[in-house]
Structure formats: C-alpha cells, structure tokens
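If you want the building blocks of each chain, they are given just below.
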Amino acid sequence: MDEIEIKSHPLWMSPMASGSPQADVCVGTPPWMAEGRPQSKNQKAIIMAPSKHQNLMYLSDHYASLLQRTLLVNKDPYVGKGIHARIIKSGLHLGVFLMNNLMNLYAKTGFLDDASKLFDEMPLRNPSSWNTIISAYAKQGKIDHARQVFVEMPEPDSVSWTAMMVGYNQMGRFENAIKMFVDMISSKVIPTQYTFTIVLASCAAMKSLEIGKKLHSFVVKVGLGSYTSVANSLLNMYAKSGDLVMAETVFGRMKLKSTSSWNTLIAIHMQRKRFDLALAQFEQMNDRDIVTWNSMISGYNQHGFDIEARNMFANMLKNQSLKPDRYTLASVLSACANLDDLNSGKQIHGHVIRTEFDLSGAVGNALISMYSKLGNVKIAQKIVKQNRVSNRNIIAFTSLLDGYLKQGDMKSAREIFDSLNDCDVVAWTAMIVGYMQNGFNDKAIDLFRLMIERGPEPNSYTLAAILSVSSSLASLDYGKQIHAKAVKSEVSQSVSVSNALINMYAKSGNITNARCVFESISWLKDTVSWTSMVISLAQHGHGEESLELFEKMLDLGINPDHITYVGVISACTHMGLVEKGRWYFELMQEKHGIEPTASHYACMIDLLGRAGKLQDAWDVIQSMPFEPDVIAWGSLLASSSVHKNMELAEVAAERLLLIEPDNSGAYSALANVYSACGNWEDAAEIRKSMRFRKVKKDQGFSWVQIRDRVHVFGAEDVVHPEREEIYRTMAEIWKEIKKLGFIPKTEVVLHDLDDEVKEQILMHHSEKLAIAYALMKAPKNGTLRIMKNLRVCKDCHSAIKFISKLVGREIVVRDATRFHHFKDGVCSCRDYW
C-alpha cells in the first residue's frame, strides 16, 4: 500500500510502546500479511502491540476507536485488516462491540464477503450485529440475502425493519417496502421517523395516495409529524401523488421548514402554473441550493416561459457559491432552442467548455438538440463526434435526425438513423414523416415495412403518418392493411389514427368505409374528425349530406375552424349553391369570428365563377383585404375559360403570371380560351411564347393500381409494354359506347384539326387508357379506381359514364379537384364539376 501523510495524526498514534516485539503471523491474519506484502509505516504503527500494562477493556476501546476513525478518514479496508490481525493476536476477537465495528468497516468499504464471514464466525451477536449485516446486504442490492438474515434474527427491531425497507426501496420494489411496514406494525414494532421517511418515499414513487393518507394518519397518531424529515416526506408524497392541495396544507403546518420543504412547494406551484407564487416563495428563501434554482428554471422552461427561464439562469450565475449542474444546463439550453436564441446557446456552450463539463449525458443531448432545432446540424454532428456521444442517447440523435429532415437532407438523416442501435418509436416515426414531407412516399412505406419486421411497435403517430402516405398514393389495399395493423395494436380508436383513416379511405375513393370509421369514433369525434368527413362527402359528390353533417356539427356545439368552412363552401361550389355559399361565408365571420383567409376567398371566387357569375367573382377579388394569390387568380382564369370570357381571362392570366412567370397553367388556360373562341392566331402566339420562355405544359397523367403495382399512363402513351393490346381494347370500347349513344366532344381538342384526328386524340386520353388496362387486368366485377393529376375533360367524363353502363361496373375517378363515381351511366357530380 502506498505510504500516506496522515501517519503522525493523533488518530494513528498508538498508546503502546514502539519497541514491542512483533509476533509471527497468527491465525486470522489478513491475506496481505500472509502473502508477505510490504507494510507501510502506517500499518506498522497501527498493528504494534500495546503495552502489557494496559487492560483488555482499554485495548478493546482503543481498537474500536481506530476502526471508527479509519472509516471516517480514508475508508481503507487494508488498514482495517491490519487492525483485525492485532485484535485476533490480542485475543479480543470474541468481543461483540469490537467485532461489530470491524464488520461495519468491512461492509462500508466494499468487503461484504469479509463482513459476512465475520458475522458467521461471531460466537455472540447482539441486535447491532444483525442490523449491521442486514443493512450491508440491503444497501448493496443483495436483498434476498438480507431477507434470509432478517428471518433468522431472533427479535428484529425498528432498525432491522427499516433497513429492509431501505433495500427494497433502493431496488424499486416499492410494494415490498410497504408490505414490510405493514408486517412491522403487525409485529408490534414501533416505527421511527426514519421508517416513515422510507415508506412514504415508496408511496410517492408508486403515487399511491390512498396508502399515503393512511400513513399520514399513523404519523399523527404516533406523534412524529413534527419531525422535519417526516413532514418533508409527507409533502413529497402528496406532491407526487397529485394531491397538491394537501401538500400545501402540510407545508403550511410545518413549524420548521428546511430548504427541501421550500423546494417542494416551489415545484408544486410550478406544476400548477402559479408562477407568481413560486417566484414569491423563491424570493423568501434565505438558503437556496441548486435544486431551488433548477425548480424555477425547469418549471419556467417546461411551461413555455423560456425568457423567464433564461433570465433566472443569468441571475443564478451571479451567485458565485453555486455552479449549474446538468439539469440546470439542459433546461436553459432547451429554453434557448425554443426562443430561437442561438447567441445565448453558444455562450452557454462556451461556459460548458470552460468548466470542462461532461458532455456524455443530458448536457450533450441538450446541446445537440438545441443546435439541431436551430438549423446548425453541422455543429450538432461535431459535438456527437468529438464527445463520442453514445448511440443510446436517442433523444439527442432524434433531434439531430429531425434537424437534417427539416433541411431536406435525407441522406444525412438516414445515416444518423442507421447509426442508432436502439432506435425508439419516435426516431422511426420521425424518419417516416421526413420521407413523407420530402416527397419520398415509397421510401416511407419501405421503412414502415421494415419497422413492422424488426422495429418497435408503431404508435398512433406512426400509423397516422403512414396513413397520410397511403392517402397521397390513394392506395386502398395498402391503407386497409395499415387499418388492420391499427386494430391489432389497439390504437385504431385513437382520434388521430381515426382521422387519418377517414382521409385515407376518402382519398382512395371509398367514401363508405370513411363513413364507417367516422361513425365508429362515436363521442371521441373532434373538430378535425367532423371537418374531414364534411370535406370528404363534398369531394365525393354528396354535397347535401356534407352540409347536413355540418349543420349537425353546429347543433352539437362543436365549433368549426377555418378548414371546416373551406370544405363547406367547396360543397356549395360542387352543387352550384351560390346563395347558400354566400350565407356560410357571412356566418363564418359573424357567428364564429373566423376572418376569411386566401383559401376562403378562392373558394368564393370558384363558387361564383363556376356558376357563371364572373362579375361577382371579380368583385370578390377586388374586395380582398390582401393581395390575391395564385389560387385566386387561377380560379378566376379557370372560370373565365369555361365560360369563354376572353377579356377577363386575359386579366387573370396577366396577374397570375406576374406572381409566377413560369406558371404553365396560366398559358394553357389562356390559349384554351382563345382556341375555344376560335381565335387560333392568338392561341398559337401563346404557345409560341411558352416555347420561347421554355415553359413546359403540365403533362396529364392517370394511374391505376393492379395488385401491388401502379401503372401510369400519359395521353397517346407509347411507353407501356402492353400498349398495342391497350389500344385495341380501347378501340373496341369506343366502338361499343358509340353504339349506346356516346358522341365524342371534339370541341375540347383546342387545335385546328379534322374531327377524325380529334376523335383519335380523345380516344387515347390517359384516363381512358388506364380504364382500358384496368378492365384487362383487374379482378372481374370489382370497382375500378383511377387517379388523374389534372381535371377530367368533358369528353372523358361523358365517355366514362357510357363505359360504366357498358361494363356494368362502378368506376371511381379522382381528378385534381374531386371524385367522380360513375355507375350505370350516371356520375355522382351530376355533370357539375
């Protein structure tokens, strides 16, 4: 053992003569002596034999004092072993008091086996002997050994029972600790203040208010309520169990309050959002510790008062006697992130570096989260690499992942995600949502499938996100699989999942299933649920039902939001209910206090324009309190095109192109107006201008899912490998529907061509080719579901009505604005779209 400098301290000065002869190593000599290990001068001084004139009692007290002081000064078990050897040589190893001290030294210096062996070899034991070994086992997590000794103890006293409760409490076995207390009372052993502090702590951990109240009664009965430690335990129990009123009552009755008492009360005030009272209590305190400051800083931060949290931290730094700990720094860094205060965050980072604070835990995570949230993902990544932050710090890595996702850096985000060994559901969900928000729907689905195979169980947020992906793809089969997964994992009743299911079914063309999900939510319906259903019904041509549902929503006292009214006015638009749409527009403002947004004005312009009230639509644009956007001008342009109002179309197109010079829709719509009015030269000039400006017209596409594969078609498609057969099928269908009375609307082909050529072009529109392919490949008698990125043209709309009658099947077409359900020669839109 290394030589130390305390050898001349009175603690180590032996009353024995320094020249006493050394005996040979005797039985019971510690291993370091038997092995010939060199002795330090310390050890030699301690184990020298006392004077033969001193009596055994004095010698026993002397060794006991040495053992106690050894435990206090440097807790060196090898010094204790040296004393042990001299005790044995002196024949004092049978003394209970001396052996208890030695056993206590061994137990508290990590030599539990030696303590246990000593206990087993003791010929005589008193209660202190039993309690020492029970406490040693309990505190070191060997609760079963402690229990065995406890059961063998002749008469366990309050110390024994309490030691067992401490052990159970430390291991998180709170129910066992409480049961020990019940058994203690049954054994008629009087509990002490220490007993109550432990059992109340167990109740607090379990948030068992009922048991805690019974313990409170017992405390009052035995007269221990005046002890500050017991009162603090009661205060903590009530606070953690949720009875904040009773916690405040206990605090008010306390005659002596410690810093811990005040800290608990401040935490209660913060929990109840009574920030003024918390601050008042804080200012009354004379002795504030780090917990006091942390209660204020974290309380402010957790409830959104981040400026106050940051200011409180600044005041704390003025107190030179206190240094921020990991909880302080984590809270104030979170506040900086919420405030978008990168400058303060960097200053705190500098403080962390100067004080060489450990970055492997909460502080490192907080720094990574702050930099990631504020867009400095490179610095966050640098902190990860420099400080070797463990892969298990999921919170920090998820924040870093989120930072990359917000920047659209999917490659870096995926690298971070793949580096996580213990990915939790939050990280998986963040990655799936990231793919979805950045347009990588296929990758989002692939990752979700991987999550099902080897990841954590998806929660309601995950399922809602992947259902949104399914809605975007309008993949009904895949959406149904996710629905089944939601039912299996028992989260289908989650409002967020149910709302996502309504949208998924509606956008996939299955309004019946959307209705079923809506009805299944019963009393859990929120504004989003009602709004989703109102909009879905309107989009599927059930305008009357949509408005009836909205009126029912109002009757039930459910307040609509601005999105609800977008759906309601759209429902009026699809039915041509101009006056009712105007009435709802006024109701939104007068009854519900919702100021019209650009979306509401665009709906009104669309409503009036479709109905041919172009002047009224123009008046709405002129009355807007802010500049009309692309959607507003686009709605007016579309209506002008439909009603062949060339002058208004020119104005709308001009204004639209001022906002978006490369908007191909504006050029195309204006060219179509000119063509429809027979102004072929101006139409040609517009198309020439598009080529000159390199503005490409939006290509029309239609797609259909057959089994697990999506087939995409363009007009005059020449890419599909089964093109010839598709064209033949379409030619046969064309021939048959003409027999049923279908007349091609060649006027929709806005080019100066022969009708025969126009008819050929119309036959090969993308939605017709998709329907032909679906009839070739899809299962018989089922509903055909076709998706299109642009509005369906009049000719296709008319043709599909005849096709539905010809083949005897329902055909659902989703275009850019709504759903068309074709069945038996009739469309759900009633030819108004």
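All figures in this text were calculated on a predicted structure; none of them were measured in a lab.

A look at the overall build of the chain
Counting its secondary structure elements, the chain contains 44 helices and six strands. Buried residues in the chain amount to 50% of all 833 residues. Contacts in the chain between residues far apart in sequence, at least 24 positions, make up 61% of those at least 6 positions apart. As displayed, the chain offers around 41,200 Å² of accessible surface, 51% of which is attributable to carbon and sulfur atoms.

Comments concerning the pattern of salt bridges
Counted by the stated rule, this structure contains 19 salt bridges. A salt bridge links Asp418 to Arg414; the nearest nitrogen and oxygen atoms lie 3.0 Å apart. On the criterion of helical spacing, the pair formed by Asp418 and Arg414 is a turn pair, its members being four residues apart in helix H24 (residues 410–419). Of the charged contacts in the structure, one is a salt bridge between Asp616 and Arg582, with a shortest N-O distance of 2.8 Å. Linking Asp616 in helix H36 (residues 614–623) with Arg582 in helix H34 (residues 578–590), this pair joins segments that are 34 residues apart in sequence. Judged by its relative accessible area of 28%, Arg582 falls in the partly exposed class. Here the residues in one salt-bridge network are Glu248, Arg272 and Arg274, joined through shared partners.

Section: the sheet that holds strand E4 (residues 811–814)
Taken in spatial order, the six strands of this open sheet run E2-E1-E3-E4-E5-E6, and their pairing is mixed. The open sheet has two edge strands with one neighbour each: strand E2 (709–714) and strand E6 (826–827). With two bridges connecting them, strand E5 (residues 819–823) and E6 associate as antiparallel partners. Residue Lys823 lies in a different strand from E6, and its bridge partner there is Val826. Here helix H43 (residues 766–777) sits on the sheet in contact with strand E1 (701–706), E2, strand E3 (784–788) and E4, set at roughly 15 degrees to E1.

Thoughts on the environment of His821
Looking at the element boundaries, His821 is found in strand E5. Of the residues examined, His821 reaches a relative accessible area of 12% and is grouped as buried. Spatially, the C-alpha atom of His821 lies 9.8 Å from that of Ile800, the residues being 21 residues apart in sequence. Contact partners of His821, with chain neighbours within four places excluded, come to Gly509, His540, Glu810, Ile811, Val812, Val826, Cys827 and Ser828. Of the polar contacts made by the side chain of His821, one reaches the side chain of Glu810; its length is 3.0 Å.

Overview of unusual backbone geometry
Within the chain, Lys188 stands out as a residue other than glycine whose phi angle is a positive 60 degrees. Topologically, Lys188 is positioned in the loop between helix H10 (174–186) and helix H11 (193–206). A positive phi is found at Asn781, a non-glycine position, where the angle reads about 70 degrees. Among the structural elements, Asn781 can be located in the loop between H43 and E3.

Looking at the pairing of E1
Covered by surrounding structure in E1 are Ser702, Val704 and Ile706 only, the residues Phe701, Trp703 and Gln705 on the alternate face being uncovered. If you look at the hairpin formed by E1 and E2, you'll find two residues sitting between the two strands, and Arg707 has a positive phi there, around 55 degrees.

What to know about the UniProt feature "repeat: PPR" (unreviewed entry) in the chain
When the UniProt feature table is mapped to this numbering, "repeat: PPR" (unreviewed entry) covers residues 126–156, 157–191, 289–324, 393–423, 424–458, 526–560 and 663–697. The span residues 157–191 carries 74% helix and 0% strand; its end-to-end C-alpha distance comes to 9 Å. With 69% helix and 0% strand, residues 289–324 has its two end C-alpha atoms placed 10 Å apart.

A short note on the side chain of Lys485
Secondary-structure assignment places Lys485 in helix H28 (residues 476–488). Within the structure, Lys485 has its side chain in polar contact with the side chain of Glu457 (distance 3.3 Å). Filtering out sequence-adjacent residues up to four positions away, Lys485 remains in contact with Ile452, Glu457, Pro458 and Leu463.

As for the nonpolar core
If you look at the biggest cluster of nonpolar residues, it comprises 192 residues, and the most contacted ones within it are Ile134, Phe196, Leu401, Met431 and Leu636. If sequence neighbours within four positions are ignored, Leu401 has contacts with Ala413, Ile416, Phe417, Ala427, Ala430 and Met431. Core analysis: the second largest hydrophobic core is formed by 31 residues, Ile726, Met730, Leu775 and Ile803 among them.

A short note on the packing of aromatic side chains
Tallying each qualifying case throughout the model produces 22 aromatic pairs. Ring centres of Phe251 and Trp262 lie 5.2 Å apart, and the angle between their planes is 80 degrees; this geometry places the pair in the edge-to-face category. Of this pair, Phe251 sits in helix H14 (residues 244–253) while Trp262 is found in helix H15 (residues 259–271), placing the two residues 11 residues apart along the sequence. A relative accessible area of 18% places Trp262 in the buried class. Consider the rings of Phe282 and Trp293, whose centres lie 4.9 Å apart with planes at 80 degrees: the pair is edge-to-face. Residue Phe282 is located in helix H16 (residues 275–284), and its partner Trp293 is located in helix H17 (residues 290–302); the two are separated by 11 residues in the primary sequence. When its relative accessible area of 4% is taken as the criterion, Trp293 is described as buried. Aromatic ring contacts, followed pair by pair, group Phe550, Tyr565, Trp583 and Tyr584 into a single cluster. The residue whose ring lies beneath Arg125 is Trp130, and the NZ or CZ to ring-centre distance is 5.2 Å.

Let's talk about the packing of helix H35 (residues 598–610) against H36
Running from N to C, H35 and H36 cross one another at 165 degrees; their axes reach a closest spacing of 7 Å. Judged on the interaxial angle alone, H36 and H35 are roughly antiparallel. Like other packed secondary-structure pairs, H35 and H36 cross with a definite hand, here left-handed. Residue-level contacts link Tyr601, Met604, Ile605, Leu608 and Gly609 of H35 to Leu614, Asp616, Ala617, Val620 and Ile621 of H36.

What to know about a negative patch on the surface
On the surface, a cluster of negative charge is made up of Glu647, Glu650, Glu654, Glu681, Asp682 and Glu685. By secondary structure assignment, the location of Asp682 is in helix H40 (residues 680–692).

Points about the packing of helix H12 (residues 209–222) against helix H13 (residues 228–241)
Where H12 contacts H13, the axes come no closer than 10 Å and their chain directions differ by 160 degrees. Put simply, H12 runs roughly antiparallel to H13. Crossing angle aside, the handedness with which H12 passes H13 is left-handed. Across the interface between the two elements, Leu209, Gly212, Lys213, His216 and Val219 from H12 touch Val230, Leu234, Met237, Tyr238 and Ser241 from H13. A breakdown of the residues in the contact of H12 with H13 according to their chemical character gives six nonpolar, three polar and one charged.

Focus: the environment of Pro156
Looking at where Pro156 falls in the secondary structure, it is placed in the loop between helix H8 (143–152) and helix H9 (158–170). Separated by 28 residues in the primary sequence, Pro156 and Met184 place their C-alpha atoms 9.1 Å from one another. Not counting residues up to four positions away in its chain, the partners in contact with Pro156 are Phe150, Trp161 and Val189.

What about the pairing of E5?
Burial of E5 is extensive: four of the five residues sit out of reach of the surface. Two successive antiparallel strands, E4 and E5, enclose a turn made up of four residues. Counted between consecutive antiparallel strands, the loop separating E5 from E6 contains two residues, among which Asp824 sits at a positive phi close to 55 degrees.

Definitions and cut-offs
Positions within a chain are numbered from 1, following the residues in the order the chain's sequence is written. Note on the predicted model: pLDDT of at least 70 is required for a residue's local features to be given, and 80 or more for side-chain atom pairs to be given and counted; whole-chain, interface and lining totals, by contrast, use all residues. Note: side-chain values were computed over all heavy atoms of the structure, leaving out hydrogens and water. In this text, helices come from DSSP runs of H or I with a minimum length of four residues, and strands from runs of E with a minimum of two, each type numbered from the N-terminal end. Relative accessibility thresholds used throughout: buried, under 20% of the residue-type maximum; exposed, over 50%; partly exposed, between the two (1.4 Å probe, protein chains only). Working rule for contacts: check all heavy atoms of both residues, and any pair within 4.5 Å makes them a contact. With residues, only the protein chains shown are counted as cover, and all accessible areas are computed by Shrake-Rupley using a 1.4 Å probe. Here, a salt bridge means any side-chain nitrogen of Lys or Arg that lies within 4 Å of a carboxyl oxygen of Asp or Glu. Strands are labelled as partners when DSSP assigns at least two bridges between them. Here an angle of 0 to 180 degrees is reported between the N-to-C directions of two axes, which are lines fitted to C-alpha atoms, with helices fitted over the stretch in contact. Think of a polar contact as two N or O atoms within 3.5 Å of one another; within protein, one of them needs to be a possible hydrogen donor and the other a possible acceptor, and neighboring residues in sequence only count if both atoms come from side chains. UniProt positions are given in the numbering used here, feature names are shortened, and annotations may be inferred rather than shown by experiment. Each nonpolar core is a collection of buried residues, namely Ala, Val, Leu, Ile, Met, Phe, Trp, Tyr and Cys, held together in the definition by side-chain atoms within 4.5 Å. Any two of the Phe, Tyr and Trp rings considered here, Trp counted by its six-membered ring, make a pair once their centres fall within 6.5 Å; the pair's planes then place it as stacked at under 30 degrees, edge-to-face at over 60, or tilted in between. The rule is short: NZ of Lys or CZ of Arg within 6 Å of the ring centre and within 35 degrees of the ring normal puts a charge over the ring. These descriptions rest on fixed angle ranges, namely under 35 degrees for roughly parallel, over 145 for roughly antiparallel, 65 to 115 for roughly perpendicular, and the rest for oblique. Helix crossings fall into two classes, left-handed where the near helix is turned counterclockwise from the far one by less than a right angle and right-handed where it is turned clockwise. Patch members must show over 30% relative accessible area and no salt bridge, and they are joined within 9 Å when carrying like charges or within 5 Å when they are nonpolar side chains of Val, Leu, Ile, Met, Phe, Trp or Tyr. In this tally, Lys and Arg are treated as positive and Asp and Glu as negative; His is ignored, and so are the chain termini. The atom standing in for a charge is NZ when the residue is Lys, CZ when it is Arg, CG when it is Asp and CD when it is Glu. For this classification, Asp, Glu, Lys and Arg are treated as charged, while Ala, Val, Leu, Ile, Met, Phe, Trp, Tyr, Cys and Pro are nonpolar and the rest, including Gly, are polar.

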